[in-house]
Amino acid sequence: MADTTLTGPAREAPDAVPQFPMPRESRCPFDPPPALKELQEQAPLTRVRLWDGSEPWLVTRYAEQRALLGDERVSADTDQPGYPTKASPEAGEGKLSFIMMDDPEHARLRRMVTAPFAVKKVEALRPAVQRIVDGLIDDMLAGPAPVDLVDVFALPIPSLVICELLGVPYEEHEFFQENTKTMVRTTATPEERGAASREVAGYLAGLLGKRIAEPKDDLLSSIAARITAGELTHQQATEMALLLLIAGHETTANMIALGTLALLRHPDQLALLRETDDPKLVASAVEELLRYLHITHLGRRRAVTEDIEIGGQVIKAGEGVIMVNEIGNRDPEVFADPDRLDLTRDARRHVAFGFGVHQCLGQPLARMELQVVYGTLYKRIPTLKLACALEDIRFKTDAFIYGVHELPVSW
Ligand code: HEM
């Protein structure tokens with residue numbers, strides 16, 4: 001039964017309301033913060049305090065997370081009263097296209113860019129992604145070790161792919177990768193984040209202008225055609241391109257590097273991937289690593305527009321909710337022995353791509369890229385190993401997307 005000691009009466013005593021986000025246990029970099037697990041055991045929803053003193057609801061259990069993410073009374077619009085503020089005082093504000101909108105406008109804009117992410121279209125890209133992965137591994141093997149796997153492998157793969165899809169010249173990658181890093185770093189100042197976002201937006205706006213004049217066979221050109229048709233303003237089109245560029249490489253890159261580290265720390269599981277020729281096992285490994293690592297670790301943030309009764313509580317209109325999916329993916333009601341990495345389990349119900357209307361648009365692409373990577377890297381470099389102590393690795397606790405800053409490896 002729900003324990004309300006952290007919700008009802010405890011709200012009178014400020015110190016009883018836990019602060020969010022909570023620190024991870026440094027020795028267990030793949031596990032959610034222990035305090036989150038405790039909250040999940042106590043109740044499906046709990047009040048937490050954010051840096052600005054506001055106290056939204058933190059939703060810790062899988063069933064309640066999915067129910068709220070699928071509820072029309074729950075808004076993704078950052079301008080709604082009660083929307084939980086960003087992760088830290090430095091994080092700044094700013095809208096990022098349809099990910100921060102509600103239907104029907106969200107659906108109208110999302111529909112404009114769904115086609116290239118459909119499973120069939122994405123499957124047609126698999127041979128090209130395989131060539132990219134093989135080429136990067138060839139380069140690694142031909143050069144000296146150790147190398148930083150993030151720099152030479154994890155980041156280039158999704159970055160090359162999304163650039164190709166959008167029609168952004170990859171030669172410019174250092175410019176937009178650096179700026180995107182700043183945009184997703186919670187410790188960047190609002191000025192730094194704003195400047196980084198303006199730099200990339202200005203660059204994409206320029207490219208859109210070029211595509212209006214001279215269309216090509218790429219996603220930027222089809223977005224540009226919507227400007228010409230009067231369906232999007234130049235500003236809306238730029239925000240959309242920015243969303244796709246950021247979402248398209250930061251996330252998958254972190255899954256590649258953090259996933260590799262998790263596998264190196266679980267040699268029995270790594271051996272399964274190294275030794276299999278079964279694409280089903282590789283696909284299952286991808287789902288389990290997405291569940292286990294859950295890199296979008298600061299939660300799906302929303303505002304409630306009408307009173308909702310759920311989990312023994314009433315969330316009032318105008319209150320904020322944070323569905324912290326990383327602990328939802330460790331809910332023992334749904335996943336047996338949830339803290340164990342088990343590549344053979346059926347983890348497909350995970351919420352690593354969110355749930356409801358905002359569920360990740362790029363998930364077929366991310367899945368395919370990760371399947372190619374996890375199905376290739378450890379076979380081609382069977383002696384791959386960490387080239388530093390685990391304690392020396394810098395984890396991205398300071399970013400909206402969890403991962404590692406660098407991953408020194410040798411073989
Ligand atoms: C492993 C990689 C990825 C992970 C873990 C991931 C995770 C997520 C999550 C959790 C959401 C939901 C956000 C919310 O409900 O507030 C989301 C949305 C989204 N993702 Fe991904 N993502 C990944 C890769 C990609 C890729 C490759 C793209 C390609 C462009 C992409 C594009 C998007 C877009 C456009 C949305 C917004 C969807 C909407 O609001 O309707 N993602 N992603």
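You'll find the structure just up there.
Keep in mind that this is a model prediction, so the values were computed, not measured. Each chain carries its own residue numbering, running from 1 in the written order of its sequence. In keeping with the model being predicted, local features are shown solely for residues with a pLDDT of at least 70 and side-chain atom pairs are shown and tallied solely at 80 or more, while totals for entire chains, interfaces and linings include all residues. To obtain the side-chain values, all non-hydrogen atoms of the structure were included, while hydrogens and water were left out.

Turning to the overall build of the chain, a few remarks are in order. For the chain, the helix and strand inventory stands at 15 helices and ten strands. In summary, the chain has a C-alpha radius of gyration of 21 Å against a globular reference of 22 Å for 411 residues, a match within 12%. With 411 residues in all, the chain has 55% of them scored as buried. Intrachain contacts of the chain at a sequence separation of at least 6 include 71% that bridge at least 24 residues. Where the 45 positive side-chain charges of the chain centre and where its 61 negative ones centre are 3 Å apart. By the criteria applied, helices consist of DSSP H or I runs no shorter than four residues and strands consist of E runs no shorter than two, each listed in order from the N terminus. In this treatment the radius of gyration is a C-alpha quantity, and the globule benchmark scales as 2.2 Å times the residue count to the 0.38 power. The classification of residues rests on relative accessible area computed with a 1.4 Å probe and restricted to protein chains. Under 20% of the type maximum is buried, over 50% is exposed, and intermediate values are partly exposed. Residue contacts follow a heavy-atom distance rule, with two residues in contact if any of their heavy atoms lie within 4.5 Å. Charge counting treats Lys and Arg as positive and Asp and Glu as negative, with His and both chain ends excluded. For the purpose of locating charges, the reference atoms are NZ of Lys, CZ of Arg, CG of Asp and CD of Glu.

The pairing criterion is simple: DSSP has to find at least two bridges between the two strands. Spatially, three strands are ordered β4-β10-β9 in an open sheet, and the strand pairing comes out antiparallel. Strand pairing shows two members of the sheet lacking a second neighbour, β4 (147-148) and β9 (385-386), which therefore form its edges.

Metal coordination angles have textbook ideals: 109.5 degrees for a tetrahedral set of four donors and 90 or 180 degrees for an octahedral set of six. Just one protein ligand coordinates the iron atom of the ligand, and it is Cys360 (SG) at 2.3 Å. By the secondary structure assignment, Cys360 is in the loop between α14 (325-328) and α15 (363-380). Each metal's donors are the N, O and S atoms found within 2.8 Å of it, except that Na, K and Ca use a 3.2 Å limit; water is left out, so coordination can look incomplete.

One can find Thr252 in helix α11 (residues 234-264). Residues contacting Thr252, with those up to four places away along its chain left out, are Pro158, Ala366, Glu369 and Leu370.

In terms of burial, strand β5 (residues 300-304) is a largely internal element, five of the five residues being buried. By the alternation rule, side chains of β5 split into Arg300, Arg302 and Val304 and Arg301 and Ala303, which are all buried. Relative to strand β8 (residues 320-323), β5 runs antiparallel, the two sharing four bridges. The residue of β8 that forms the bridge with Arg302 is Val321.

On to the environment of Phe355, then. Locating Phe355 in the fold gives a position in the loop between α14 and α15. In the structure, Phe355 is positioned 287 residues away from Leu68 in sequence and 9.2 Å away in space, judged by C-alpha atoms. Apart from the residues lying within four places of it in its own chain, the contact partners of Phe355 are Arg66, Leu69 and Gly70.

Salt bridges are defined as contacts in which a side-chain nitrogen from Lys or Arg sits within 4 Å of a carboxyl oxygen from Asp or Glu. In the structure shown here, the tally under the stated rule is 22 salt bridges. Between Arg211 and Asp218 there is a salt bridge, and its shortest N-O distance comes to 3.0 Å. Residues Arg211 and Asp218 agree in their burial class; the two are buried. Notably, a salt bridge pairs Glu406 with Arg394, separated by 2.5 Å at the nearest N-O pair. Taken together, the residues Glu406 in the loop between β9 and β10 (408-410) and Arg394 in the loop between β9 and β10 connect sequence positions twelve residues apart.

Now for helix α7 (residues 156-166). When you tally the buried positions in α7, you get nine out of eleven residues, the bulk of the element. Those residues of α7 that fall on the buried side of the exposure criterion are Pro156, Ile157, Pro158, Ser159, Val161, Ile162, Cys163, Leu165 and Leu166. Next to the buried residues of α7 lie α5 (126-142), α6 (149-154), α8 (173-183), α10 (219-228), α11 and α15. Positive backbone phi, approximately 95°, marks Gly167, located one or two places after α7.

What follows covers the pairing of β8. Of the two faces of β8, the one holding Gly320 and Ile322 and the one holding Val321 and Met323 are both buried throughout. Alignment of strand β2 (residues 57-59) against β8, held across three bridges, turns out to be parallel. Bridging from a neighbouring strand, Trp57 pairs with Val321 of β8.

Residues are counted as near a molecule or strand when any one of their heavy atoms sits within 4 Å of it. Around the ligand, the structure places 26 residues, and the nearest of them are His106, Arg110, Arg302, His358 and Cys360. In the model, an oxygen atom of the ligand is placed 2.7 Å from a nitrogen or oxygen of the Arg110 side chain. Whenever two N or O atoms come within 3.5 Å, that pair is a polar contact, provided that in protein one can donate a hydrogen and the other can accept it, and provided that, for residues adjacent in sequence, both atoms are side-chain atoms. Between the ligand and Arg300, the relevant distance is 3.4 Å, taken from an oxygen atom to a side-chain nitrogen or oxygen of the residue. Broken down by secondary-structure element, the contributors of at least two residues to the shell around the ligand are α3 (105-111), α11 and β5. Across the shell around the ligand, the residue classes break down as 15 nonpolar, eight polar and three charged. Here the term charged refers only to Asp, Glu, Lys and Arg, the term nonpolar to Ala, Val, Leu, Ile, Met, Phe, Trp, Tyr, Cys and Pro, and the term polar to all other amino acids, Gly among them.

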